[in-house]
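Structural characterization, general
The primary structure of each chain is shown beneath.
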Amino acid sequence: MIRYVIKRLLMLIPVVVGVTFLVFFIISLTPGDVAAMIIGEGATQESIQQLRTDMGLDDPIIVQYGRYMGNLVTGDMGNSYATGKAVSAEIGSRFPNTFKLTVLSILISIGISIPIGVVSATKQYSIFDNLGMVLALIGISMPSFWLGLILIIIFALGLGWFPSGGADSFKSVILPAITLGVASTASITRTTRSSMLEVVRQDYIRTAKAKGVSNRVVIRKHALKNALIPAITVIGLEFGVLLGGAILTETVFSWPGIGRLMVESIQRKDAPMVLGCIIIFSVCFSIVNLVIDILYAYIDPRIKANYE
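Not measured: the values here are computed from a predicted model. (Residues numbered from 1 in each chain as written. Predicted model: local features only at pLDDT ≥ 70, side-chain atom pairs only at ≥ 80, totals over all residues. Heavy atoms only, no water.)

Focus on the packing of helix H7 (residues 127-141) against helix H9 (residues 171-199)
Cut-off, in case you're wondering: Axis lines are fitted through C-alpha atoms, for helices just across the contact stretch, and the angle between N-to-C directions can take any value from 0 to 180 degrees. Secondary structure follows DSSP: runs of H or I at least 4 residues long count as helices, runs of E at least 2 residues long count as strands, and numbering of each begins at the N terminus. Orientation categories follow fixed angle ranges, with anything under 35 degrees roughly parallel, anything over 145 roughly antiparallel, 65 to 115 roughly perpendicular, and all other angles oblique. We call a crossing left-handed when the near helix sits turned anticlockwise from the far one by less than a right angle, and right-handed when that turn is clockwise. Contact criterion: two residues are considered in contact whenever any of their non-hydrogen atoms come within 4.5 Å of each other. Gly is put with the polar residues, along with every residue not named as nonpolar or charged; the nonpolar set is Ala, Val, Leu, Ile, Met, Phe, Trp, Tyr, Cys and Pro, and the charged set is Asp, Glu, Lys and Arg.
As a packed pair, H7 and H9 sit with axes 8 Å apart at the nearest point and diverge in direction by 140°. Between H7 and H9, the crossing angle belongs to the class labelled oblique. By crossing handedness, the relation of H7 to H9 is classed as left-handed. Note on element contacts: H9 touches H7 through Val182, Ala183, Ala186, Ser187, Thr189, Arg190 and Arg193, opposite Asp129, Met133, Ala136, Leu137, Gly139 and Ile140. When its residues are assigned to classes, the contact of H7 with H9 shows seven nonpolar, three polar and three charged.

As for the packing of helix H2 (residues 12-29) against helix H5 (residues 61-73)
Direction vectors running N to C along H2 and H5 enclose 135°, while the axes themselves pass 11 Å from each other. Here H5 runs oblique to H2, going by the angle between their axes. Crossing geometry of H2 relative to H5 is assigned as right-handed. Touching Val16, Val17, Thr20, Phe21, Phe24, Phe25 and Ser28 of H2 are Ile61, Ile62, Gln64, Tyr65, Tyr68, Met69 and Leu72, all from H5. When its residues are assigned to classes, the contact of H2 with H5 shows 11 nonpolar, three polar and no charged.

Looking at the packing of aromatic side chains
Two descriptors summarise a pair of aromatic rings, namely the distance from one centre to the other and the angle between the planes of the rings. To keep things clear, this is the line we draw: Stacked, tilted and edge-to-face are the three classes applied to pairs of Phe, Tyr and Trp rings, where Trp contributes its six-membered ring and a pair requires centres within 6.5 Å; stacked means planes under 30 degrees apart, edge-to-face means over 60, and tilted covers the rest.
Counted according to the given criterion, the structure contains five aromatic pairs. Members of the aromatic cluster, joined through ring pairs, are Phe21, Phe25 and Tyr65.

A closer look at the environment of Ile280
With respect to the secondary-structure elements, Ile280 resides in helix H13 (residues 271-299). Leaving out residues up to four positions away in the same chain, Ile280 has contacts with Met77, Ile91, Phe95 and Ile258.

Looking at the nonpolar core
For the record, the criterion: Buried residues of nine kinds, namely Ala, Val, Leu, Ile, Met, Phe, Trp, Tyr and Cys, make up a nonpolar core once their side-chain atoms join them within 4.5 Å. Burial classification: accessible surface area is computed with a 1.4 Å probe over protein chains only, and a residue below 20% of its type maximum counts as buried, one above 50% as exposed, and the rest as partly exposed. Those domain boundaries reflect an automatic or database domain assignment.
Core analysis: the largest hydrophobic core is formed by 55 residues, its most contacted members being Tyr68, Leu72, Ile91, Met196, Ala223 and Cys277. Those elements giving two or more residues to this core turn out to be H2, H5, helix H6 (87-122), H9, helix H10 (203-210), helix H11 (215-252), helix H12 (258-267) and H13. Top contributing element to this core by residue count: H11, with 13 residues. Each of domain 1 (1-74) and domain 2 (95-268) contributes no fewer than three residues to this core. Once residues within four sequence positions are removed from consideration, Ile91 is found in contact with Met77, Ile258, Leu261, Met273, Gly276, Cys277 and Ile280. Ranked by size, the runner-up nonpolar core spans six residues in total, among them Leu147, Leu151, Ile152 and Leu175.

A few points about the UniProt feature "transmembrane region" (unreviewed entry) in the protein
Note the following rule: UniProt positions are given in the numbering used here, feature names are shortened, and annotations may be inferred rather than shown by experiment.
Look at the UniProt record and you will see "transmembrane region" (unreviewed entry) annotated at residues 9-27, 101-122, 134-161, 173-192, 228-253 and 273-299. End C-alpha atoms of residues 101-122 are separated by 32 Å, and the span's content is 100% helix alongside 0% strand. Secondary structure content for residues 173-192 is 100% helix and 0% strand, and the end C-alpha separation is 27 Å.

Shown next, in the form of structure tokens:
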């Protein structure tokens, strides 16, 4: 198992290299002169050219990328073109906010979707099942930025229960977390229901019921545990999607997280900051998938045996 974890961690290296190369290349193709943007209006052409030379912007793209990766190996993500501050420090100050928002969103999603998925499967074609699936369809189809604006109009501007933006108190995270978690709730609900329907039709479930085991015990001890593996897969993927999807939600709610930082950095053509944000997203997504794989081993002993 330890060898497997080490192997997966080593696989992060080509992922980071591939992602950073693509982003670095795409940013280099965007219009605009970084040196001119840093110096500002009124700068002479000579001063702009001098800054380009000092920053190495006249070098070929592959040379610039190699220099960036060389610094990255030592933990240096460079300095922001816009603020001049260290990228790692800027990201370090924003990441806790994004992580808090994402964790709360996924907890809300799990707390709602698993019970609804289980009940919908055990009471298939009932009113509860049909209502749950209709709500799931609405939730998965609703754009997060539109839902965020509706929640702001109703609960912030209309009722005044929550602030419309910022991160000043715990109330500030409620509306962004709900906005971010709605689509994930719908997706996990549909997966849980589908998985449960498949499991409850297995022979061992019928055998347990034939032995007189109560329906509640059969569902909780036999069916749910086996049905959770597909649901855990979706939860892990959704967690990664929420980290990336927080970009729109953080922008709508003025939430001071990495997503909003990346949008601002793209608008300012701040390549070091954009690359730093994407590296953090890539590493987090890979680690979440690794954690999901480890959870498989503890839920299903057959999977654990393959690692040993």
